[in-house]
Amino acid sequence: MMLWQLVVAAYSDPLAEDRENILAWGAAELAHSRYGGELGGLPANAEDVIWIAWEEFGIRLDRTTATEALEERRRPISG
């Protein structure tokens, strides 16, 4: 399943399994695209992910979860 399908499903179901991590991954992806990535800005950091998770999804993330989501985002896809 694609990331955004997972995010939408988790967002719409407060009891979804692994909801916080899935929404954190979505916030990390948004942070990357807004603050870094192709725009050439500074790389997104945990504070960016925390802020986006709150603003976009209404959840509060701790620094550890935000950092792990960023690390997962930055990990190359193997295949």
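A quick note: this is a predicted structure, and the numbers were derived from the prediction, not measured.

Chemist: Describe in detail the packing of aromatic side chains, supporting the description with residues and values.
Modeler: Overall, the coordinates contain one aromatic pair when judged by the stated rule. Centroid distance Tyr11 to Phe57: 6.1 Å. Interplanar angle 55°. Geometry classified as tilted. Residue Tyr11 is found in helix α1 (residues 3-12), and its partner Phe57 is found in helix α3 (residues 46-57); the two are separated by 46 residues along the sequence. Geometry around Trp54 places Arg60 over its ring, the cationic atom sitting 4.0 Å from the centre.

Chemist: Residues and numbers for the packing of helix α2 (residues 19-35) against helix α4 (residues 63-74), please.
Modeler: In a pair of packed helices, the angle between the axes and the distance between the axes together describe the arrangement. Following both chains from N to C, one finds α2 and α4 inclined at 65°, their axes separated by 8 Å at the closest point. In terms of crossing hand, the pair formed by α2 and α4 is right-handed. The residues of α4 that touch α2, namely those facing Glu20, Asn21, Ala24, Trp25, Ala28, Glu29 and His32, are Thr65, Ala69, Leu70, Glu72 and Arg73. Here the contact of α2 with α4 is composed, by residue class, of five nonpolar, three polar and four charged.

Chemist: So what's going on with the nonpolar core? Which residues, and what values?
Modeler: Of all hydrophobic cores here, the largest spans 21 residues; its most connected members are Leu23, Ala27, Val49, Phe57, Ile59 and Leu61. Among the secondary structure elements, those contributing two or more residues to this core are α1, α2, α3 and α4. No other element matches the seven residues that α2 contributes to this core. Not counting chain neighbours up to four residues away, the residues in contact with Leu61 comprise Glu20, Ala24, Val49, Ile50 and Ala53.

Reading guide: rules and limits
- Residues numbered from 1 in each chain as written.
- Predicted model: local features only at pLDDT ≥ 70, side-chain atom pairs only at ≥ 80, totals over all residues.
- Heavy atoms only, no water.
- Phe/Tyr/Trp six-rings, centres within 6.5 Å; stacked < 30°, edge-to-face > 60°.
- Helix = DSSP H or I, 4+ residues; strand = E, 2+ residues; numbered from the N terminus.
- Lys NZ or Arg CZ within 6 Å of the ring centre and 35° of its normal.
- Axes fitted to C-alpha atoms, helices over the stretch in contact; angles between N-to-C directions.
- Left-handed = near helix turned anticlockwise from the far one by under 90°.
- Contact = heavy atoms within 4.5 Å.
- Nonpolar A, V, L, I, M, F, W, Y, C, P; charged D, E, K, R; others polar.
- Core = buried A, V, L, I, M, F, W, Y, C linked by side-chain atoms within 4.5 Å.
- Buried < 20%, exposed > 50% of the residue type's maximum accessible area, 1.4 Å probe, protein only.

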